[in-house]
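Structural characterization, general
Listed here are the chains, written in short residue letters.
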Amino acid sequence: MSEKRWRSTTVLAVRKNGEVTMAADGQVTLGSTIMKSNAKKIRRIFDDKILIGFAGSTADAFNLFDKFEEKVNEYRGDIVRASVELAKDWRTDKILRKLEAMLIIADKNTTLIVSGSGDVVEPDFDVAAIGSGGNFALSAARAYLDDSRYSAHEIAEKSLKIAADVCIYTNNSITIEDIK
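Description of the structure in this document.

What counts and how
- By convention here, each chain's residues receive numbers from 1 onward along its written sequence.
- The model is predicted, so local features are restricted to residues of pLDDT at least 70 and side-chain atom pairs to those at 80 or more, both for listing and for counting; the totals for chains, interfaces and linings are taken over all residues.
- Side-chain metrics in this entry use all non-hydrogen atoms of the structure; hydrogen atoms and water are not considered.
- Note on classification: 1.4 Å probe, protein chains only; a residue is buried when its accessible area is under 20% of the maximum for its type, exposed when over 50%, partly exposed between these limits.
- Segments assigned H or I by DSSP are reported as helices when at least four residues long, segments assigned E as strands when at least two residues long, and all are numbered from the N terminus.
- Throughout, a contact is declared for two residues whenever any of their heavy atoms are within 4.5 Å.

1. Overview of unusual backbone geometry
Phi is positive for asparagine 17, close to 50°, though the residue is something other than glycine. Residue class for asparagine 17 comes out exposed when judged on its relative accessible area of 75%. Positive phi values are uncommon outside glycine, yet phenylalanine 46 reaches one of about 55°. You can see phenylalanine 46 is positioned in the loop between β6 (42–45) and β7 (50–56).

Encoded structure:
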């Protein structure tokens, strides 16, 4: 019998015209069962100046949220430095390196994807996505990005809805947070 896996999430960050939006669906799935439909996968930290979203194990993500918040306070809001230091700890610490999650971190100027394999990536385009539906949301967001009719918020919302229509691990219970 194969081990059941927790599957969850699509998290997307979109940056356009000085606005940064992060959106996430609310579905948490165990095997073929939807366990929760309205999970909150985005947090605001550092006086609401930084958004952080997660995909993967919830307990692991909360642990990483706490560790990242410590780092961002230590480095006075510098998310690049805090992310690199978190990735180093995540990769080398015996306990942390077993955590299974990915993070998207964004402030007014920078968007980063941070993984347990030591990656800290700033995407080439003004969008980043993680999770099982991440590539669907990313593709939709990139298609909408050049359309001047849509704000970052609207692009994130439309893209998550498309991902929810395609990915069985993504739903339409969407949380959206903005930094303007």
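From this point, the discussion proceeds with the structure in view.
2. A short note on the environment of leucine 12
Tracing the backbone shows leucine 12 in strand β2 (residues 10–16). In sequence terms leucine 12 and alanine 23 are eleven residues apart; their C-alpha atoms lie 5.3 Å from each other. For leucine 12, the contacting residues outside a window of four places in its chain are Thr21, Met22, Ala23, Ile104, Ala128, Ala129, Ala137, Leu138, Ala141, Ala156, Ser159 and Leu160.

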